Amino acid sequence: MTAPAAVGRPLALLAELTHRCPLQCPYCSNPVALERAGNELGTEDWRRVIDEAAELGVLQIHFSGGEPTVRRDLEELVRHARAAGLYTNLITAGVLLDAARLQALVAAGLDHVQLSFQDSRPEGGDRIGGYRGGHARKLAVARMVREAGLPLTLNLVMHRQNLDHLPELLDMAVALDAHRVEVAHVQYYGWALKNRAALMPTRAQLERATATVAEARKRLEGRLTIDYVVPDYYARRPKACMGGWGRQFLNVSPSGKVLPCHAAESITALQFDSVRDRRLSEIWENSDAFNRFRGTDWMPELCRSCERREIDWGGCRCQAFALLGDAEATDPACGKSAFHAELVGIAERDSGASAPAFVYRRIGGA
């Protein structure tokens, strides 16, 4: 079995600069309780975090949110990260970017842009994101990114209300000269759990999407890289969430909490240390939250004796907590879980009924 002490250094830091966002996506991955602007880390705090991340061995920093471009100091943070030797990536909805701001970010040392799309069609994209004119704005920003010479990844969050447009979305990625596409089905915890019945695809939709991805990978090999993440509710084996809890990745929230994954705050039984109080290396190595589910010693016997225990590392702790109220339980996405058949039943029930209206994500909403 692998003990926590055997874990090495993180490869990537997700810097969630803010929870503020102009979009209102019904599957928002930010915590249900959002941080207000007044509680965000300041510029000097983020500069220190970047330096500590580089010292810890981090190679990549992903500036995210919410919408990171609402931060006026974004260029300064990108410049500082580049000086620290980190590869810099901007994860953005794009709707607030213009050519002047993008050029300023490029001049600061930005290496890459990940741009989210909600649909292939304007009416669908604007409706899902809750932002009028958003789709057209995203198309313009994608072209600006490529004109600026930056590599472009499209983040495509898929669900029952846009999954049939996946072929169009992949064609759009090619037309926009994207280098990479993330086709990621909604994962149902946090705010997305509130909208599960509106978002859950049917098994037939999923099978068509999987076939579409397989065909596109062959057809576009060498031209477009396609990453694919299926919804856990239809999976037979759990995914190795973030490469395993506290193994390769850390996340700093807008207020400075250090998390093993972006959804970890949904596990209300855990307390997370802050960079306001402790160095990043101390938190990575010694915090209770990071060590809680590292390695295999924590696993229930069903997982501990499984031949995949050091492949999927027990799956998703947030999902186990969301569905079973127990973060130590076997991930119900696993076919060996006693809850797995019930999980599939939930997916079939939700996807088989008419989709209810979205509960949109609004800053200040309950």
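Preceding block: the structure.
Residues numbered from 1 in each chain as written. Predicted model: local features only at pLDDT ≥ 70, side-chain atom pairs only at ≥ 80, totals over all residues. Heavy atoms only, no water.

### Topic: the packing of aromatic side chains
Counting across every chain of the model gives 5 aromatic pairs. Ring geometry for tryptophan 245 versus phenylalanine 293: centroids 5.2 Å apart, planes at 90°, classification edge-to-face. Within this pair, whereas tryptophan 245 is found in the loop between strand E7 (225-229) and strand E8 (249-252), its partner phenylalanine 293 is found in the loop between helix H11 (288-292) and helix H12 (301-304), the two being separated by 48 residues in sequence. Just as tryptophan 245 is buried, phenylalanine 293 falls in that class too. Above the plane of the ring of tryptophan 191 lies lysine 194, whose end atom (NZ or CZ) is 5.1 Å from the centre. (Phe/Tyr/Trp six-rings, centres within 6.5 Å; stacked < 30°, edge-to-face > 60°. Helix = DSSP H or I, 4+ residues; strand = E, 2+ residues; numbered from the N terminus. Buried < 20%, exposed > 50% of the residue type's maximum accessible area, 1.4 Å probe, protein only. Lys NZ or Arg CZ within 6 Å of the ring centre and 35° of its normal.)

### A look at the side chain of threonine 88
The residue threonine 88 is located in strand E3 (residues 87-92) in this model. Here the side chain of threonine 88 touches glycine 109 through a polar contact of 3.0 Å, landing on its backbone oxygen. Those residues in contact with threonine 88, other than ones at most four positions away along the chain, are Ile61, Phe63, Val78, Ala81, Arg82, Gly109, Leu110, Asp111 and His112. (Polar contact = N/O pair within 3.5 Å; in protein donor to acceptor, adjacent residues only side chain to side chain. Contact = heavy atoms within 4.5 Å.)

### A closer look at the layout of surface pockets
Any empty space left between atoms is shown by rolling a water-sized probe over those atoms. Counted as a void, the second largest pocket has a volume near 160 Å³. Forming the walls of the second largest pocket are Ser29, Asn30, Pro31, Val32, Ala33, Gly190, His262, Ala263, Glu265 and Ser266. Of the residues in the lining of the second largest pocket, the class split is 4 nonpolar, 5 polar and 1 charged. (1 Å grid on protein atoms, 1.4 Å probe; cavity = no way out; pocket = protein on both sides within 12 Å on 5 of 7 lines; lining within 4 Å. Points joined across faces, edges and corners; volume = space filled by probe spheres on them. Nonpolar A, V, L, I, M, F, W, Y, C, P; charged D, E, K, R; others polar.)

### Observations regarding the pairing of strand E6 (residues 180-185)
Residue alternation in E6 divides its side chains into a buried set, Val181, Val183 and His185, and an unburied set, Arg180, Glu182 and Ala184. Examined bridge by bridge, strand E5 (residues 152-158) and E6 share 6 bridges and lie parallel to one another. Looking at E6, one finds that valine 157 is bridged to alanine 184. The parallel pair E5 and E6 is bridged by helix H6 (residues 166-175), and the resulting crossover is right-handed. Taken together, the 5 bridges between E6 and E7 define a ladder with parallel strand orientation. Counted as the bridge partner of alanine 184 is valine 229 from E7. (Pairing = 2+ DSSP bridges. Right-handed = clockwise from strand over helix to strand, strands pointing away.)

### Some remarks on helix H1 (residues 43-56)
The end-to-end C-alpha distance of H1 is 20 Å, a good match for the 20 Å that 14 residues give at a rise of 1.5 Å each. Of the residues making up H1, those classed as buried are Trp46, Val49, Ile50, Glu52, Ala53 and Leu56. Along its buried surface, H1 packs onto strand E1 (12-16), strand E2 (60-64), helix H2 (74-83), E8 and helix H10 (280-286). Just downstream of H1 lies glycine 57, where phi reads positive at about 110°. (Expected span 1.5 Å × (residues − 1).)

### Brief notes about the packing of H6 against helix H9 (residues 203-219)
Between H6 and H9, the shortest axis-to-axis distance is 10 Å and the interhelical angle comes to 25°. In terms of their interaxial angle, H6 and H9 are classed as roughly parallel. In terms of crossing hand, the pair formed by H6 and H9 is right-handed. Contacts between H6 and H9 involve Leu166, Pro167, Leu170 and Asp171 from the former and Ala209, Thr212, Val213, Ala216 and Arg219 from the latter. (Axes fitted to C-alpha atoms, helices over the stretch in contact; angles between N-to-C directions. Parallel < 35°, antiparallel > 145°, perpendicular 65-115°, else oblique. Left-handed = near helix turned anticlockwise from the far one by under 90°.)

### Focus: the packing of H1 against H2
For the pair H1 and H2, interaxial distance at closest approach is 10 Å and the crossing angle is 20°. Judged by the angle between their axes, H1 and H2 are roughly parallel. When the axes of H1 and H2 are compared, the crossing they make is right-handed. For the pair H1 and H2, the contacting residues are Thr43, Glu44, Trp46, Arg47, Ile50 and Asp51 in the first and Glu76, Leu77, His80 and Ala81 in the second. Class assignment of the residues belonging to the contact of H1 with H2 gives a composition of 4 nonpolar, 2 polar and 4 charged.

### Digging into the nonpolar core
The nonpolar side chains of soluble globular proteins are, as a tendency, buried together. Core analysis: the biggest nonpolar cluster contains 83 residues, and Phe63, Leu154, Val183, Val252 and Leu280 have the highest contact counts within it. Beyond its immediate chain neighbours, meaning those up to four positions away, phenylalanine 63 contacts Ala15, Leu17, Ile50, Pro68, Leu74, Leu77, Val78, Ala81, Thr88, Asn89, Leu90 and Ile91. Grouped together as the second largest cluster of nonpolar side chains are 19 residues, Cys241, Ala263, Met299 and Phe321 included. (Core = buried A, V, L, I, M, F, W, Y, C linked by side-chain atoms within 4.5 Å.)

### Concerning H6
All buried positions along H6 are accounted for by Leu166, Leu169, Leu170, Met172, Ala173 and Val174. Looking at the buried side of H6, the elements it contacts are strand E4 (112-117), helix H5 (134-147), E5, E6, H9 and E7. The positive-phi residue at the C-terminal boundary of H6 is aspartate 177, with phi of around 65°.

### Description of the environment of glycine 246
Relative to the helices and strands, glycine 246 is located in the loop between E7 and E8. Owing to a relative accessible area of 0%, glycine 246 belongs among the buried residues under this scheme. Distance in space between the C-alpha atoms of glycine 246 and phenylalanine 290 is 5.5 Å, their sequence separation being 44 residues.

### Regarding unusual backbone geometry
With an omega dihedral of 10°, the bond running from glycine 65 to glycine 66 counts as a cis peptide bond. Relative to the helices and strands, glycine 66 resides in the loop between E2 and H2. One non-glycine residue with positive phi stands out, namely aspartate 177, at about 65°. Along the chain, the position of aspartate 177 falls in the loop between H6 and E6. The backbone of tryptophan 313 sits at a positive phi, close to 55°, despite the residue not being glycine. Considering the arrangement of structural elements, one finds tryptophan 313 in the loop between H12 and helix H13 (317-324).

By themselves these figures say nothing about function.
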